[in-house]
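Coordinate analysis (summary)
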Amino acid sequence: ESKKRSDTINDSLPVSIIILDRDFRISHANKTYCEINNHRREDLIGKFFHNFLSSELLQKYDVAEELQQVIITGNPVIHNGIRHSSPYHTDKILNISFIHVQSGKYPKIMVLIQDVTEFTKKTYQLSFLREISLAMQGVLERDKLLHIILTCVTAGFAIGFNRAFLFLVDEERNELRGTMGVGP
């Protein structure tokens, strides 16, 4: 009953959760992990965890050694901001944690994988817009200010438009006048 309740909770969480046994074989994978990576749960159970990691992650991090250290010390290993490519999904930025959850004769490790791609992008965009805002506050010349605004909206890593035009209102003639533009 307790395991069923635990599995129900794990399956309802928006983060990927994998439980590994002492040999680093998968004993549980939640619904989120299976859906994101296009795996059926029954195809994962009993398989070695490293078989489901990209060669990129295996090369960059000594996952087997890190998992062993988690079992030995009981201390978690946390990696934030890992850029990850996979044939199962678009490129992502992940936070991956290895956490010791059961001791004794049958130790277990919980692997938490959180997709922070959108959060990271939004944080960067807000930081960039803040910098642009600060730069704009110090500019008194109209053309320089307009150029900063165009740079902001066309910077690929910020808002990302590939072209932009600025129109100012000519109140005497009651019309818009093209002032400046950027584009391919």
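Everything discussed here concerns the structure shown above.
Report on the accompanying structure. Computed from a predicted structure; not experimentally measured.

**So, the sheet that holds strand S2 (residues 26-29)**
With respect to topology, 5 strands assemble into an open sheet ordered S2-S1-S5-S4-S3, the strand pairing being antiparallel. Unpaired on one side and paired on the other, S2 and strand S3 (77-86) mark the two borders of the sheet. Strand-to-strand twist of the sheet, defined as the mean angle between neighbouring strand axes without regard to direction, takes the value 25°. Note that S3 and strand S4 (residues 89-102) share 7 bridges and pair antiparallel. Note on S4: the bridge partner recorded for His79 is Ile96.

**Some points on the nonpolar core**
Grouped together as the largest cluster of nonpolar side chains are 24 residues, with contacts concentrated most on Phe49, Phe98, Ile109 and Val111. Sorting the residues of this core by element identifies strand S1 (16-20), S2, helix H2 (31-37), helix H5 (63-73), S3, S4 and strand S5 (108-115) as the ones contributing at least two each. Per-element accounting of this core gives the leading share, 4 residues, to H5. Contact partners of Ile109, with chain neighbours within four places excluded, come to Ile18, Ile19, Leu20, Phe24, Leu67, Val70, Ile71, Phe98, Ile99 and Val101.

**Topic: the layout of surface pockets**
Gaps between atoms show up when a probe of the same size as a water molecule is rolled over them. Counted as a void, the largest pocket has a volume near 450 Å³. If you list the elements that add at least two residues to the lining of the largest pocket, you get H2, H5, S3, S4 and S5. Space inside the second largest pocket adds up to approximately 230 Å³. For the second largest pocket, the full set of lining residues is Lys3, Ser6, Asp7, Asn10, Ile17, Ile19, Ser27, His28, Val101, Gln102, Lys108 and Met110. Sorting the residues of the lining of the second largest pocket by element identifies helix H1 (2-12), S1, S2, S4 and S5 as the ones contributing at least two each. When residues in the lining of the second largest pocket are grouped by element, the largest group, 4 residues, is from H1. Each residue belonging to the lining of the second largest pocket can be placed in one class, and the counts come to 4 nonpolar, 5 polar and 3 charged.

**Description of the packing of aromatic side chains**
By the definition in use, this model includes 0 aromatic pairs. The positively charged end of Arg25 is found above the aromatic ring belonging to Phe48, 3.9 Å away from the centroid.

The rules behind these values
- Residues numbered from 1 in each chain as written.
- Predicted model: local features only at pLDDT ≥ 70, side-chain atom pairs only at ≥ 80, totals over all residues.
- Heavy atoms only, no water.
- Pairing = 2+ DSSP bridges.
- Helix = DSSP H or I, 4+ residues; strand = E, 2+ residues; numbered from the N terminus.
- Axes fitted to C-alpha atoms, helices over the stretch in contact; angles between N-to-C directions.
- Core = buried A, V, L, I, M, F, W, Y, C linked by side-chain atoms within 4.5 Å.
- Buried < 20%, exposed > 50% of the residue type's maximum accessible area, 1.4 Å probe, protein only.
- Contact = heavy atoms within 4.5 Å.
- 1 Å grid on protein atoms, 1.4 Å probe; cavity = no way out; pocket = protein on both sides within 12 Å on 5 of 7 lines; lining within 4 Å.
- Points joined across faces, edges and corners; volume = space filled by probe spheres on them.
- Nonpolar A, V, L, I, M, F, W, Y, C, P; charged D, E, K, R; others polar.
- Phe/Tyr/Trp six-rings, centres within 6.5 Å; stacked < 30°, edge-to-face > 60°.
- Lys NZ or Arg CZ within 6 Å of the ring centre and 35° of its normal.

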